[in-house]
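Residues per chain are reported as follows:
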Amino acid sequence: MAFNHFEVKGTRFIKGVHSGESVDYAENEFQVLNDDVYNVTFPKSGTNWMIEILNLIKHKGDVSKSSSVPIFERSPWYETVAAKELINKMESPRVLSSHLPLHTFAKSFFKSKAKIVYTMRNPKDIIVSMFHFTKILSIFEAAEDFEKFIDDFIQGQVLFGSWFEHVKGWMTMKDDSRFLFVTYEELLQDLRGCVVRLCKFLGQELDDAQIDLVVKYSTFKSMKENIMSNWSQMPADVLDQTKGSFMRKGVAGDWKNHFTVAQSEYFDKIYKEKMKDVNVNFFWEQTS
Ligand code: A3P
């Protein structure tokens, strides 16, 4: 996957979007507040979906913020260069996003009472989603060779490095009361049930009607139609949606339309080997 990048502790960052300084600040100086909520993901795992859900929960289903502020400003990725200014203007409780792996996450988090929601997705669908994403985001060279892209992903030569290391790192937090993990596939299968689980974890009391509103405004259809959530507010020279949609398909299992049988078997073999010490039965392993 070709893009102008630099590496910090094994992670590939995007030059310009991130800087050595912003990444170092995020890890060593950024002050996590006790009532912060962090939306952490490996890219293309459902980050924006979770931004929508967490902000709607925060506002008890009131859509006025989600329909007036672009999604990428509602919960900025705190490790980016642009985030500092946006975060300085935010009121608590803050919902912030991050793609950082555990080993470079804000040190101040570990002394805080802040919470993390970690969203994961079947890596084969991440590969597909990211492959298409390279065609619309100008900082990437559009990927053409899908097989090479699978290998780049396996080697950690994509943005934010190795998915395997990302997941393995964050899964060491799975029994911490400040940490909740959810999968994209569960969100698809039972969005309401996941919203209820999230509310409980966050200590947010929403009544049934408010939960219904959270669900209503965070479906794929609602977000695709919401100009503040479908990334259409991003300038076309940064994100060219004439070449493809940010809200592309929003399904599980699209990998079946992209991987050959041989590519799928090859990936599965490597997945099994790399994930053998992770004692979690991921939802996508049961459903695809
Ligand atoms: P596809 O490219 O497979 O359609 P991220 O936000 O981490 O970049 O992830 C983007 C992926 O999440 C895209 O997947 C996008 O369509 C999907 N997505 C975003 N909002 C969604 C929603 N409400 N429901 C289902 N999928 C959603």
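Please refer to the structure higher up on the page.
Predicted, not measured: the structure shown is a model, and the values here were computed from it.

Enquirer: Teacher, can you tell me more about helix α7 (residues 163-171) here?
Expert: In an α-helix, one full turn covers 3.6 residues, which means residues spaced three or four apart are oriented alike. A large share of α7 lies buried, amounting to seven of its nine residues. Within the span of α7, buried status applies to Trp163, Phe164, His166, Val167, Gly169, Trp170 and Met171. One side-chain oxygen of the residue at the start of α7 lies 3.2 Å from the amide nitrogen of Phe164, identifying that residue as Ser162.

Enquirer: Can you help me understand the layout of surface pockets in this one?
Expert: A probe matching the size of a water molecule, rolled over the atoms, marks out where space remains unfilled. Counted as a void, the largest pocket has a volume near 1,100 Å³. Asn48, Trp77, Phe133, Trp231 and Phe246 are, among the 46 residues lining the largest pocket, the residues nearest its centre. Breaking the lining of the largest pocket down by element, the ones donating at least two residues are α2 (47-58), α3 (71-74), α4 (83-88), α5 (123-133), α8 (184-189) and α11 (220-225). Here the lining of the largest pocket is built from residues that sort into 26 nonpolar, 13 polar and seven charged. Of the volumes computed, that of the second largest pocket is approximately 320 Å³. The residue inventory of the lining of the second largest pocket, partitioned by class, reads four nonpolar, three polar and six charged.

Enquirer: Help me understand the pattern of salt bridges in this model?
Expert: Applying the stated criterion to the full structure yields 18 salt bridges. For Glu27, the salt bridge goes to Lys107, with nearest N and O atoms at 3.8 Å. Taken together, the residues span a long stretch of sequence, with Glu27 in helix α1 (residues 20-28) and Lys107 in the loop between β4 (95-98) and β5 (115-120) at a distance of 80 residues. One salt bridge in this structure joins Asp208 and Arg192, with 4.0 Å as the shortest N-O distance. Of this pair, Asp208 sits in helix α10 (residues 208-217) while Arg192 is found in helix α9 (residues 191-202), placing the two residues 16 residues apart along the sequence. When its relative accessible area of 54% is taken as the criterion, Asp208 is described as exposed. Judged by relative accessible area, Arg192 falls into the partly exposed class, the value being 31%. A single network of salt bridges, built from pairs that share partners, joins Lys9, Glu27 and Lys107.

Enquirer: Would you mind going over the site of the ligand with me for this structure?
Expert: For the ligand, the set of nearby residues contains 18 residues, the closest of which are Thr47, Asn48, Ser129, Tyr184 and Lys249. Between Gly46 and the ligand, the recorded distance is 3.1 Å, taken from a backbone N or O atom to an oxygen atom. Between the ligand and the protein, one listed contact pairs a nitrogen atom with a side-chain N or O atom of Tyr184 at 2.7 Å. Burial of the ligand by the protein amounts to 97% of the accessible area it has alone, namely 570 Å². Of the pockets mapped on this structure, the ligand occupies the largest pocket. With three residues, the top contributor of residues to the shell around the ligand is α2.

Conventions and cut-offs
- Residues numbered from 1 in each chain as written.
- Predicted model: local features only at pLDDT ≥ 70, side-chain atom pairs only at ≥ 80, totals over all residues.
- Heavy atoms only, no water.
- Buried < 20%, exposed > 50% of the residue type's maximum accessible area, 1.4 Å probe, protein only.
- Helix = DSSP H or I, 4+ residues; strand = E, 2+ residues; numbered from the N terminus.
- Polar contact = N/O pair within 3.5 Å; in protein donor to acceptor, adjacent residues only side chain to side chain.
- 1 Å grid on protein atoms, 1.4 Å probe; cavity = no way out; pocket = protein on both sides within 12 Å on 5 of 7 lines; lining within 4 Å.
- Points joined across faces, edges and corners; volume = space filled by probe spheres on them.
- Nonpolar A, V, L, I, M, F, W, Y, C, P; charged D, E, K, R; others polar.
- Salt bridge = Lys/Arg side-chain N within 4 Å of Asp/Glu carboxyl O.
- Near = heavy atom within 4 Å.
- Areas by Shrake-Rupley, 256 points an atom, 1.4 Å probe, with all protein chains shown as cover.
- Sits in = over half its atoms within 2 Å of the grid points.

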